[in-house]
There are 2 protein chains.
Amino acid sequence: MGKGISGKPVVGVDLGGTKILAGVVAADGQILGMAKRATKPEGGPEVVVARIVKTVRKAVEAAKLDMSDIAAVASGAPGPLDPDQGIIWNAPNLAGWENFPLADRLSERLEMPVCIENDVNLGTLGEYALGAGRGARDVVGIFVGTGIGGGLILDGVLRQGFRKAAAEIGHMIVLADGPACGCGNRGCVEAVASRTAIERDILAGIDAGRESLIPAIMQRDSRDRLTSGALAEAFRGNDPLVTEVIGKAQFYLGLLVASVVNFVDPEVVIFGGGVTEALGEDFLAPIRRVAYQCFINKRGAEQVKIVLAQLGDNAVLLGAAVLARRRLGKDGA
Amino acid sequence: MGKGISGKPVVGVDLGGTKILAGVVAADGQILGMAKRATKPEGGPEVVVARIVKTVRKAVEAAKLDMSDIAAVASGAPGPLDPDQGIIWNAPNLAGWENFPLADRLSERLEMPVCIENDVNLGTLGEYALGAGRGARDVVGIFVGTGIGGGLILDGVLRQGFRKAAAEIGHMIVLADGPACGCGNRGCVEAVASRTAIERDILAGIDAGRESLIPAIMQRDSRDRLTSGALAEAFRGNDPLVTEVIGKAQFYLGLLVASVVNFVDPEVVIFGGGVTEALGEDFLAPIRRVAYQCFINKRGAEQVKIVLAQLGDNAVLLGAAVLARRRLGKDGA
């Protein structure tokens, strides 16, 4: 390390539908400087590319460095995408991008190597290398928010899949013929345990006349959507409807973990995402209990860790930095 | 290859609760000679070891070879087991073996390198290398019989798991709160789609007064269990109860494939096992239809092949031969 090119900082980017987050990351995983900017996807891909470039430059400035100090850039992006070609196949969150060569466009503008990868995969890679999965060989990441996303690292290798479509954990089916999912199928874990599913069931309960703290919280906050914060407030206030609906989600997530463990037997399962972050260990404990109960192989069950993510909003950009460094090493750049 | 040690034949063994099957396998995967013998597990592990040794020698004889022509032996065994240490941790099918060092015992008696692996993993490895998965990088094996077993090969690597407990596909949960499974949980795919589950539902239908060909077939064959053969006969005879119950199993197996594909995105999914073999393509077609429908990522969906196993009863011993050869290569023996 030190002054060699492998010791140079890289920039990790988290490109989302609403905001772009960039961080300059040292070889040891320390964040040296960050910047943030709205995505404004309505302007189309070239406008977003310009905004990413600006955000990267701002982060480098914040780190008190020069662009020539940076070895490479990597960006997480909503998919599906082709990480090898650096092309976004299709991103509904980005005003319908289709077959956009994001890596090449950024590389031309930034004049350095750029690679891209699915954002949830990078969140998992970040936790694996620098967060809750440090020291483990296998990590399954489960991110519970508006939807449920996942990432899969086995023996240190990020599983991309034969069609670059792996780790769509939210669409593993836990309740055959269950509630309709946004994907068109039924009983996906996303349809029974995401914030969207939790909100659907809480609002149905309220519509049916159940008492709850939720209407007052939403009115006070002038929100027409149920945020993770409001959910957490009602959950901590022991709201019976909220506790019941979240309890159901926890049960299904426990079954999901059991399915995942019975199938790939990983070392660590990491829970992140907005709902998990807002509710914390109180959310995770019952999930863990159900999961352990349903491991088919009980030998060494307690060695399989089921833990909270540690990197919060920085997981994706840190994972991007890890990816950039791995690619640099591989390509000998 | 040719006359070097890597070109020598190996012996693959399939150790089951009722029979031992051994085959001498050439470097190109051809079976040169086979032998079969009852397991007689009631005699305890040392008796079974002696019977395996005899079966191996008979297979070598059948191949018109001498034991000195054989480079190594590998055996599939019911688990759970430790493939690295060669120890059977626990095998209910083998009169309750506990922590038995099968590989070492066989190696002492056969005077050559011996390794062991979970039988369903080897069945999958056999299909990967020599059967329906030839040429693919990833294979998921799903074996539907009395129970449902599985194997997982990703990028050519057999996934054993952090606790050597991977690929327990039968205990992925597809129907939360569904029927009780032999493992103590509910809604595992084994509890809704194995021959045991199919038999349970057919017999319940008959008990409830539904008409079916099954009672006459079982009486004719003097059987008190529903065999795969009887199931196939009634299925081909368009027995409405059997068609309905198998249809349900096919639906759940389709959801299982979707969960597996949405999670690891493999190149090939191979269906084997007694039920699959007896029913053939008529069993697989509806599973395939449900599965494709539930892939979250439709891009290139038809490139993910869902196919019948090709090696039948020889899958495990052929997989064992592949493993023996891989180990020889690795250890340079």
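Residues numbered from 1 in each chain as written. Chains lettered and ligands numbered in written order. Predicted model: local features only at pLDDT ≥ 70, side-chain atom pairs only at ≥ 80, totals over all residues.

K.L.:
Requested: an account of the environment of Leu152 of chain B, with residues and values cited.
P.N.:
Mapped onto the fold, Leu152 of chain B is located in strand E10 (residues 148-154). Spatially, the C-alpha atom of Leu152 of chain B lies 27 Å from that of Thr39 of chain B, the residues being 113 residues apart in sequence. Other than its neighbours up to four places away in sequence, Leu152 of chain B contacts Val264 of chain A together with Val140, Arg159, Ala166 and Ala167 of chain B. (Helix = DSSP H or I, 4+ residues; strand = E, 2+ residues; numbered from the N terminus. Contact = placed C-beta atoms within 7 Å.)

K.L.:
Please set out the domain arrangement of chain A residue by residue, giving values where relevant.
P.N.:
Residues and elements named next belong to chain A. Here chain A is partitioned into domain 1 (5-124 + 314-331) and domain 2 (135-309). The distance between the C-alpha centroids of domain 1 and domain 2 comes to 27 Å. Across the contact, 8 residues belong to domain 1 and 14 residues belong to domain 2. Sort the elements by how many residues they give to the side of domain 1 that touches domain 2 and helix H3 (residues 119-130) lands first, with 4 residues. Grouping the amino acids of the side of domain 1 that touches domain 2 by side-chain chemistry returns 4 nonpolar, 3 polar and 1 charged. (Domains from an automatic or database assignment. Nonpolar A, V, L, I, M, F, W, Y, C, P; charged D, E, K, R; others polar.)

K.L.:
Quick one: what's the story with the nonpolar core, residue by residue and with numbers?
P.N.:
Ala74, Val174 and Tyr252 of chain A together with Ala74, Val174 and Tyr252 of chain B are the most contacted members of the largest nonpolar core, which totals 238 residues. What Tyr252 of chain B contacts, discounting residues up to four positions off in sequence, is Ala176 of chain A together with Val174, Leu175, Val189, Val192 and Ala193 of chain B. (Core = buried A, V, L, I, M, F, W, Y, C linked by C-beta atoms within 7 Å. Buried ≥ 20, exposed ≤ 12 C-beta atoms within 10 Å, placed from the backbone.)

K.L.:
Describe H3 of chain A, listing the residues and the values that go with them.
P.N.:
All names here are of chain A. The end-to-end C-alpha separation of H3 is 16 Å, in line with the 16 Å expected for 12 residues at 1.5 Å each. In terms of burial, H3 is largely enclosed, as 12 of its 12 residues are buried. Within H3, burial applies to Asp119, Val120, Asn121, Leu122, Gly123, Thr124, Leu125, Gly126, Glu127, Tyr128, Ala129 and Leu130. (Expected span 1.5 Å × (residues − 1).)

K.L.:
Describe the relation of the copies chain A and chain B, naming the residues involved and giving the relevant values.
P.N.:
The transformation that overlays chain A on chain B combines an axial shift of 0.0 Å with a rotation of 180°, and the residual RMSD is 0.0 Å. Both copies are brought into coincidence by an operation consistent with a two-fold rotation axis. (Least-squares fit on C-alpha atoms with pLDDT ≥ 70 in both.)

K.L.:
I'd like to hear about the packing of helix H8 (residues 240-264) of chain A against helix H10 (residues 281-293) of chain A, residue by residue, with values.
P.N.:
All names here are of chain A. As a packed pair, H8 and H10 sit with axes 7 Å apart at the nearest point and diverge in direction by 50°. The orientation of H8 relative to H10 falls into the category oblique. Considering how the two elements wind past one another, H8 and H10 form a crossing that is right-handed. Contacts between H8 and H10 involve Gly247, Gln250, Phe251, Leu253, Gly254, Leu255, Val257, Ala258 and Val261 from the former and Phe283, Pro286, Ile287, Arg289, Val290 and Ala291 from the latter. Tallied by class, the residues present in the contact of H8 with H10 amount to 11 nonpolar, 3 polar and 1 charged. (Axes fitted to C-alpha atoms, helices over the stretch in contact; angles between N-to-C directions. Parallel < 35°, antiparallel > 145°, perpendicular 65-115°, else oblique. Left-handed = near helix turned anticlockwise from the far one by under 90°.)

K.L.:
Break down the interface of chain A and chain B for me, citing the residues and quoting the values.
P.N.:
With 39 residues of chain A in contact, the opposing surface of chain B contributes 39 residues. At the level of secondary structure, the elements contributing two or more residues to the side of chain A that touches chain B comprise strand E10 (148-154) and H8 of chain A. In terms of residue count, H8 of chain A provides more of the side of chain A that touches chain B than any other element does, 7 residues in total. Among the residues forming the side of chain A that touches chain B, the class breakdown is 24 nonpolar, 8 polar and 7 charged.

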